[in-house]
Amino acid sequence: MYKIAILDEDQAYLERLIFFLKEHHGESFEISAVSCLDDLDQDVTQYNALFFSDDVAVDAALFPADIAVGYLTEKRETQEQYISKYQSMEQIYRRMMKLCEETEKTETDSSKAAAASDDAQAETAQTDQLRAETVTENGEIYRIYHIEEDQIDRLAIRMLAGNRIKGLFQAEYQNGGVRICITGMKSLYEFIQKNNTPKGKEKLLIFFAEMIAAACSLEEYMLSADRLMLDPREIYVNHAEDRVLLPYLPVKGAEPQDSRQCLEQIRDLCNVLLEGISGEAAPKPAEIQQEQPGGTEDFDNLQKKAKESLKLQEDARTARKGALPYIVRKRNREKIIVNRNLFKLGKDVSYVDYCIKDNPAVSRNHADIVRKQDGFYIIDKGSLNHTFVNGKKLAAEEYRKLEDGCLIQLADEVFEFRLK
C-alpha cells in the first residue's frame, strides 16, 4: 500500500476522486487530502507520492527524490507526471500507481489520519422547478434545460462534454442552459405510443437494459445516477443507432436517494409509459420537477442481467440479419461479429462494443468501424499508440476503407477483417 497526499483546491473534484479511490482501490492507497503546502512540512517524508492540481504553485525539487510528484491537470500534457483530470477514474488510478511504483520506497509503521476538509459541501439547488424548451438552430434540434450558473456542477459538465459515455447525451452549458441535440429522435413516450406491439415490447426491454447498464457505469466518470432524468418524455430513442439516450442533469447535488426512492422513480417512469399505451393525454411539460432524476442504488445484479439481456438480443438480431462482416483477433482466434453501423473498439467496457481489456497499449476508445453505402471503414479516435491498416498508420479521425482479408492493428493488437 502506498501513502499519498492530494492537494486540489476544487473540493468537489477532490472529494469525488478520493471516494472513487477508496471505494475501488482501497488496498492500493492510504490517502490524505491536504488544504495547503504548509500541511506537508515535516510529515512529507512518510509519503510515497504527492499529487497537486494546476492551481497549486509548487516546485518538485523541494521534495526528496524518493517521493513521486504528480500533477492533476486540465491541460493536454503528455509527460508521465501530468495526469488529465477529465479522463476516466480508472485511468487516473493507473497513472497514479505507475508513478508510485517508479519511486517505490519501504513503508513505515506510522499511520496517518485523513485530513479531508468537511467545510466545503455541495450546494443544494434552491429552485423547485427546472425550465426546459426545444429550439431549432441551423437545422439542428436542441433540448435546453435552464439552470442558474451557481447551481451548475462544473465537473459534471466537463465530463459530459469531454467523453462519449454510452447511453448518455453529450451536453454543453451555454448562456444559462444545458444543451443536448435531439435531431431525428423521438421521446421514449412517443416511441411506446406508436409501438404497442410484441416487437415494440422487445425493443422496450432492450432500452430498459441499456438504461440500467448506463446508470451503473457513471461512477467511473464521477457522475451520480441520482442525476439521470427518468422521465420518458425526456428520454430519447436514436433510430439511426437503435439506442436509447438519457439526459443527465448536472446540478449541484442534493442528498443521494435511497433504494425506496429509486424504485419510486422507476415506478413513475412505468406509469407514464402505461399512460402512453392507453392513449391518455400526457403532454411534455414546459417545466420539469427537480426531483425527476432517478437513482440507482443496489443495481449490481441488475447490471449483470442487463448485459446478459443485451447480448441475447444482439445475437438474435445478428441471426435475423444473416451474413455480417467480422474481425478475427489473431492472438486467440476469437471471432467478433461487426453487428452495428458504428462498432467501437477499445478497452473501456462501459463504452465500446468490443472490449480489449487485457492489452494496456490499447486506448479507451481506440477506433471505430463504420458502415457506409460503399462498404466498411475504420477511423482512429485519437489513440495514443495509433491504428494501422495493412501496416499503414492512420492519422487521428482519418477514415480508411476495409477490404476483405485486410489486417487491422490497434497498437500491437492485430485483427483480420473478413466479409462473409
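Residues numbered from 1 in each chain as written. Predicted model: local features only at pLDDT ≥ 70, side-chain atom pairs only at ≥ 80, totals over all residues. Heavy atoms only, no water.

A short note on the pairing of strand 20 (residues 367-372)
On a regular strand, each side chain points to the face opposite its neighbour's, so the side chains alternate between the two faces of the sheet.
Here comes step 1: Both strand 18 (residues 342-346) and strand 20 contribute to a ladder of four bridges, which runs antiparallel. Residue pairing for strand 20: Leu-342 is matched across the bridge by Val-370.
Here comes step 2: Sheet topology note: the strand 20/strand 21 (residues 375-380) ladder contains six bridges and is antiparallel. Paired with Ile-369 across the two strands is Ile-378, which belongs to strand 21.
Here comes step 3: Between strand 20 and strand 21, which follow one another and run antiparallel, lie two residues. (Pairing = 2+ DSSP bridges. Helix = DSSP H or I, 4+ residues; strand = E, 2+ residues; numbered from the N terminus.)

A short note on the nonpolar core
Here comes step 1: Core analysis: the biggest nonpolar cluster contains 71 residues, and Ile-6, Leu-17, Phe-29, Met-96 and Leu-223 have the highest contact counts within it.
Here comes step 2: Tallying contributions element by element places helix 2 (residues 89-102) first for this core, with seven residues.
Here comes step 3: When near neighbours in sequence (up to four residues on either side) are disregarded, Leu-17 contacts Ile-6, Leu-72, Met-89, Ile-92, Met-96 and Met-222.
Here comes step 4: Ile-327, Ile-336, Leu-394 and Leu-402 belong to the second largest nonpolar core, which has 20 residues in total. (Core = buried A, V, L, I, M, F, W, Y, C linked by side-chain atoms within 4.5 Å. Buried < 20%, exposed > 50% of the residue type's maximum accessible area, 1.4 Å probe, protein only. Contact = heavy atoms within 4.5 Å.)

As for the sheet that holds strand 4 (residues 68-73)
Here comes step 1: On the basis of which strands lie adjacent, the open sheet formed by five strands has the order 2-1-3-4-5 and parallel pairing. In this open sheet, the two edge strands, each paired with only one partner strand, are strand 2 (29-33) and strand 5 (82-84). Averaged over neighbouring strand pairs, the angle between their axes works out to 25° when direction is ignored.
Here comes step 2: Note that strand 4 and strand 5 share three bridges and pair parallel. Its bridge partner lying in strand 5, Tyr-71 is registered against Tyr-82.
Here comes step 3: Across the face of the sheet, helix 1 (residues 11-25) comes into contact with strand 1 (2-7), strand 2 and strand 4 while running at roughly 165° to strand 2.
Here comes step 4: Contacts from helix 2 reach strand 1, strand 2, strand 3 (49-53), strand 4 and strand 5 within the one sheet, and its direction differs from that of strand 5 by about 165°. (Axes fitted to C-alpha atoms, helices over the stretch in contact; angles between N-to-C directions.)

A short note on the side chain of Glu-413
Here comes step 1: Tracing the backbone through its elements, the reader meets Glu-413 in strand 26 (residues 413-418).
Here comes step 2: Taking the relative accessible area as the measure of exposure, Glu-413 reaches 1% and is therefore buried.
Here comes step 3: Reaching out from Glu-413, the side chain makes a polar contact with the side chain of Arg-331 at a distance of 2.9 Å.
Here comes step 4: Dropping the residues within four chain positions of it, Glu-413 is found in contact with Arg-329, Arg-331, Ile-356, Asn-359, Val-362 and Ile-408. (Polar contact = N/O pair within 3.5 Å; in protein donor to acceptor, adjacent residues only side chain to side chain.)

Observations regarding a negative patch on the surface
Here comes step 1: Side chains of Glu-9, Asp-54, Asp-55 and Glu-74 sit close together on the surface and give a patch of like negative charge.
Here comes step 2: Considering the arrangement of structural elements, one finds Asp-55 in the loop between strand 3 and strand 4. (Patch = residues over 30% accessible without salt bridge, like charges linked within 9 Å, V, L, I, M, F, W, Y side chains within 5 Å. Areas by Shrake-Rupley, 256 points an atom, 1.4 Å probe, with all protein chains shown as cover. Salt bridge = Lys/Arg side-chain N within 4 Å of Asp/Glu carboxyl O. Lys, Arg positive; Asp, Glu negative; His and termini not counted. Charge placed at Lys NZ, Arg CZ, Asp CG, Glu CD.)

The values reported here are purely geometric and, on their own, carry no functional implication.
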